[in-house]
Amino acid sequence: KCPRNELVMRLQPEEAVYMKVNVKEPGLATKPVQSELDLSYKSRYEEVYSPDAYTRLLLEALRGNQENFVRSDNLLESCKLFTPL
């Protein structure tokens with residue numbers, strides 16, 4: 001029996017994206033084997049400083065970038081819209 005294909009996106013604390021897929025074994029055999037396509041940020045980008053999400057959020061706030069924040073009027077309208085559900 002073949003294992004199922006799997007796509008994993010891990011956010012915190014160790015960011016990674018990897019996919020496990022069934023592929024044909026190299027060579028003349030037709031046996032399926034599981035292979036992994038892996039992008040683990042910590043091992044792939046060892047030399048790059050990658051702050052955690054809250055550090056990036058606070059830095060953007062200090063820079064005056066408000067695109068990651070919700071305005072109070074928008075929040076109130078959302079509550080009116082979704083509360084009845």
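Position numbers for residues start from 1 in each chain and track the written sequence from start to end. In keeping with the predicted nature of the model, local features appear solely for residues at pLDDT of at least 70, side-chain atom pairs appear and are counted solely at 80 or more, and the whole-chain, interface and lining totals rest on all residues. Only heavy atoms go into the side-chain values, all of them from the structure, while hydrogens and water stay out.

Trainee: Summarise the sheet that holds strand 1 (residues 6–10); cite the residues concerned and give the values.
Mentor: Only strands joined by at least two bridges in the DSSP assignment are considered to pair. We count a stretch as a helix when DSSP gives it H or I for four or more residues in a row; a strand needs E for two or more, and each element gets its number in order from the N terminus. One open sheet holds the three strands; their spatial order is 1-2-3, and the pairing between them is antiparallel. If you trace the sheet from one side to the other, it starts and ends with strand 1 and strand 3 (32–40), each paired once. Looking at each pair of strands side by side, their axes are set apart by 15° on average, direction ignored. Bridge count for strand 1 against strand 2 (residues 16–24) is five bridges, and the pairing is antiparallel. Bridging across to strand 2, Glu 6 finds its partner in Lys 20. Working convention: axes come from line fits to C-alpha atoms, limited for helices to the stretch in contact. Angles between N-to-C directions cover 0 to 180 degrees.

Trainee: Describe the environment of Ala 61, with residues and values.
Mentor: Note on placement: Ala 61 falls in helix 2 (residues 53–62). When a residue's accessible area, from a 1.4 Å probe over protein chains only, is under 20% of the maximum for its type it is buried; when over 50% it is exposed; and in between it is partly exposed. Owing to a relative accessible area of 38%, Ala 61 belongs among the partly exposed residues under this scheme. Expressed as a C-alpha distance, the spacing of Ala 61 and Ser 78, which sit 17 residues apart in the sequence, is 23 Å.

Trainee: Please set out the pattern of salt bridges residue by residue, giving values where relevant.
Mentor: Salt bridge, as used here, is a side-chain nitrogen of Lys or Arg placed within 4 Å of a carboxyl oxygen of Asp or Glu. Summed over the entire model, instances satisfying the criterion amount to three salt bridges. As a salt-bridge pair, Arg 63 and Glu 60 come within 3.4 Å of each other at their nearest N and O atoms. Here Lys 80 ties to Glu 77 by a salt bridge, and the two come within 3.4 Å at their closest N and O atoms. Taken together, the residues Lys 80 and Glu 77, both in helix 3 (residues 72–82) and three residues apart, mark about one turn of the helix.

Trainee: Would you mind going over the environment of Val 23 in detail, with residue names and values included?
Mentor: Counting through the fold element by element, Val 23 comes out in strand 2. On a C-alpha basis, the gap between Val 23 and Glu 60 in space is 43 Å, while along the polypeptide they are 37 residues apart. Here, two residues are considered to be in contact whenever any of their heavy atoms come within 4.5 Å of each other. Discounting residues that sit within four places of it in the chain, Val 23 has contacts with Lys 31, Pro 32, Val 33 and Ser 35.

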